[in-house]
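# A closer look at the structure
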Amino acid sequence: MAIHEKHLIRPENIKTHDKLVIDGVDVSGHWSTFIETRVVTDYNEQLQEEIAALPGGEYIHRCWQCGSCTNSCTVNAINPDFNPRYWIYLIRMGMESELLRDKEIIWQCVSCNKCTYACPRDVVPEGVMKATAHWLEMKGHTETTPSTIFDEEFTRQVVETGKIEDGRILKNFLLNSKQPLIQDWLIEMVKKMITNLPIKYLFGMGWATLFQPKTKGWGKARAAIEEHIAEEKAAERAALGLDPIK
Amino acid sequence: MSDRKEKYKKVAYYHGCALEGTAQPYNTSTRAIAKKLDLELVDIENWNCCGAMEVKNVDPEIQTYLSSRVMSLAHNNMGQDVVMAPCNGCYHNLKKAEYDIAHKEKSREVVEKISAKADHPAYEAGQVETIHALDWIKFGYGEEELKAKIKGGLKGLKVANYYGCMYTRPRHIFPEKDQGGDSESTSKPHYMDDLLEIAGAVNVEFPLKTACCGGAHTLSDSDTSTKLVLNILQAAEAAGADVIATECPTCHSGLEMHQIRALKRMSAETNVKIIYFTQLLGLAMGLSPRKVGIHENVSNAIPMLKEMKIA
């Protein structure tokens with residue numbers, strides 16, 4: 001399979017003239033095609049170090065641009081703009097403004113780990129995608145993404161009680177991401193479920209939603225986990241030169 | 001493999017959160033099979049969530065700690081040296097924690113620090129072996145023995161075996177795979193195919209065994225997940241499958257949810273049924289559909305199974 005290419009020439013910078021004569025020579029149309037000069041001066045020389053300071057980004061320096069990650073990528077297959085190899089290249093070059101052009105889709109990595117499986121250099125591209133998505137959020141380039149809203153709600157429940165409960169996760173995620181609780185597919189799913197389900201199961205599920213499952217004696221683990229996460233988050237903000245959260 | 005038969009006869013059972021919620025039928029059918037095959041499942045008492053696919057995105061070492069606590073309970077509180085996890089997420093995370101604790105100093109330090117503060121012994125690499133429900137049946141009961149237990153069988157039911165991402169990737173956390181002999185393959189897994197063939201199914205040639213269902217973003221980026229799932233459903237139908245057999249609750253509920261969502265949002269209808277492999281094995285052994293929780297599935301396979309006289 002071919003390596004999926006992506007080049008730095010932007011379509012709007014390719015110029016042709018329908019009518020152009022230079023020194024008496026007619027160079028109309030494709031003969032006159034040229035690429036407008038673009039000078040990149042805004043390199044962020046810290047970009048690679050900043051990504052590497054976030055969880056998952058540690059091994060970005062190993063990349064030798066073979067393209068196996070993009071070639072195997074699940075999301076690339078449905079959106080060719082989703083291009084891990086290209087983003088790793090930009091980060092290593094420090095080309096922040098180029099990276100920001102794709103800022104709204106980087107979070108869409110589905111963590112299938114096909115890239116990590118294929119990578120001959122153990123870059124862990126899946127981790128780099130997560131680190132980059134977090135970097136974009138921390139630097140304020142993107143809003144908190146739906147993925148992060150979901151991860152944080154899930155983690156909050158686990159840290160607080162040791163366990164999660166599906167119904168509560170679904171409800172809180174829809175609320176936190178400002179989506180309606182009534183979704184057409186959800187209604188259809190519930191309808192299908194109750195067709196065959198004995199009533200005691202429905203009670204069981206309702207019970208779990210009302211009385212959240214908990215791990216007994218979880219308090220000390222919770223405190224230690226919260227302390228650790230706070231330390232890590234502070235270190236990450238410091239590595240990116242951001243002020244501590246008050 | 002008689003040593004594994006001895007070792008897996010009684011295992012610590014880590015069913016995790018999903019099998020108490022959306023994946024209840026996977027739990028029901030796993031327990032029903034254990035009873036039928038006389039394999040002992042000892043529930044891990046006072047377990048916690050392994051961290052699933054989410055906690056690592058907030059803090060990877062916390063995910064490692066969460067998974068390590070489960071293995072510590074099995075080893076230190078129960079004296080068990082095998083943990084069986086039917087959920088791909090749990091299985092994956094325990095395997096990953098095992099790898100990270102053995103190979104990464106930071107992971108080990110965080111696990112030791114938090115375990116000490118939480119007043120329990122820190123898990124040490126190598127104290128337990130984590131296995132999937134597929135390993136448990138294939139080696140703990142044995143394929144020859146399973147043949148003898150099939151009653152009625154699956155009567156040529158055409159099955160696409162779907163393993164998803166977390167059972168095989170990334171490869172380095174599964175050092176026992178790709179070792180030749182009867183070890184599992186990470187590029188073309190076959191343990192579920194093997195068991196269902198014994199149970200009388202016809203396994204179709206399914207190219208998307210380890211494709212991704214978009215489970216990590218099933219709610220947060222539903223359109224992407226719907227596209228990925230639709231691709232899997234349509235590929236299974238094109239391969240001639242009546243059923244997609246699953247061994248992961250995230251995949252299973254993702255396929256169920258997005259089969260409906262694809263119809264609602266993209267007017268794309270697919271009719272392939274989605275059934276846990278443990279449910280299919282149970283039916284093949286003569287257990288009733290109710291015993292293996294077929295009625296708890298969203299995708300309604302009862303009419304088809306009745307027509308084929310499997311249920």
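The rules behind each value
Residues numbered from 1 in each chain as written. Chains lettered and ligands numbered in written order. Predicted model: local features only at pLDDT ≥ 70, side-chain atom pairs only at ≥ 80, totals over all residues. Helix = DSSP H or I, 4+ residues; strand = E, 2+ residues; numbered from the N terminus. Rg over C-alpha atoms; globule rule 2.2 N^0.38 Å. Buried ≥ 20, exposed ≤ 12 C-beta atoms within 10 Å, placed from the backbone. Pairing = 2+ DSSP bridges. Expected span 1.5 Å × (residues − 1). Domains from an automatic or database assignment. Contact = placed C-beta atoms within 7 Å. Nonpolar A, V, L, I, M, F, W, Y, C, P; charged D, E, K, R; others polar.

Across its full length, chain A holds twelve helices and four strands. Taken over the C-alpha trace, chain A has a radius of gyration of 24 Å; the compact-globule value for 246 residues is 18 Å, which it surpasses by more than 25%. Oriented by its inertia axes, the alpha-carbon framework of chain A measures out at about 90 × 45 × 35 Å. Here chain A holds 246 residues, and the buried ones make up 30% of them.

The next thing to look at is unusual backbone geometry. Residue and element names in this part refer to chain B. At the junction of Arg-169 and Pro-170, the peptide bond is cis and its omega measures out at -10 degrees in the coordinates. In this structure, Pro-170 sits in the loop between strand S5 (158-162) and helix H8 (191-198). Here the phi dihedral of Lys-309 falls at roughly 60 degrees; this positive angle occurs in a residue that is not glycine. Lys-309 gets classed as exposed once you count the C-beta atoms within 10 Å, which come to 8.

Another point: the pairing of strand S3 (residues 82-85) of chain B. Residue and element names in this part refer to chain B. Going residue by residue along S3, you find Val-82 and Met-84 tucked away on one face and Val-83 and Ala-85 tucked away on the opposite face as well. Of the pairings in the sheet, the one linking strand S1 (residues 10-13) to S3 comprises two bridges and is parallel in character. Within S3, the position partnered with Tyr-13 by the bridge is Met-84. In the sheet, S3 pairs with strand S4 (residues 129-132) via four bridges, with the strands oriented parallel.

A few words on the sheet that holds S5(B). Ordered in space as S6-S5-S7-S8 (chain B), the four strands form an open sheet in which the pairing is parallel. Bordering the open sheet on either side are strand S6 (202-203) and strand S8 (273-276) of chain B, each of which pairs with just one other strand.

Quick look at helix H7 (residues 125-138) of chain A now. Residues and elements named next belong to chain A. Between its first and last C-alpha atoms H7 spans 20 Å; for 14 residues at 1.5 Å apiece the expected length is 20 Å, and the two agree. When you tally the buried positions in H7, you get twelve out of 14 residues, the bulk of the element. Of the positions making up H7, those classed as buried are Pro-125, Glu-126, Gly-127, Val-128, Met-129, Lys-130, Ala-131, Thr-132, Ala-133, His-134, Trp-135 and Leu-136. Phi turns positive, to about 80 degrees, at Gly-140, one or two residues after H7.

Quick look at the domain arrangement of chain B now. Residue and element names in this part refer to chain B. Its domain assignment divides chain B into domain 1 (2-131) and domain 2 (150-307). On a C-alpha basis, the centroid separation for the pair domain 1 and domain 2 is 23 Å. If you look at the interface, domain 1 gives 21 residues, while domain 2 gives 25 residues. Elements that contribute at least two residues to the side of domain 1 that touches domain 2 include exactly helix H2 (24-37) and helix H5 (88-103). Looking at the side of domain 1 that touches domain 2 element by element, the count peaks at nine residues for H2. For the side of domain 1 that touches domain 2, the class distribution of residues is ten nonpolar, eight polar and three charged.

With 50 residues of chain A in contact, the opposing surface of chain B contributes 48 residues. Residue assignment for the side of chain A that touches chain B shows that the elements contributing at least two residues are helix H3 (74-78), helix H6 (114-118), helix H8 (146-161), helix H9 (166-176), helix H10 (184-196), helix H11 (199-210) and helix H12 (219-239) of chain A. The element best represented in the side of chain A that touches chain B is H8(A), accounting for nine residues. Residue composition of the side of chain A that touches chain B, grouped by class: 25 nonpolar, twelve polar and 13 charged.

On to helix H10 (residues 249-266) of chain B. Along an α-helix, residues three or four positions apart point the same way, because every turn accommodates 3.6 residues. Residue and element names in this part refer to chain B. Its 18 residues give H10 an end-to-end C-alpha distance of 24 Å, which sits within 8% of 26 Å, the value for a rise of 1.5 Å per residue. In terms of residue burial, H10 counts as a mostly covered element, since 14 of its 18 residues are buried. Phi for Ser-267, located one or two positions after H10, is positive at around 50 degrees.

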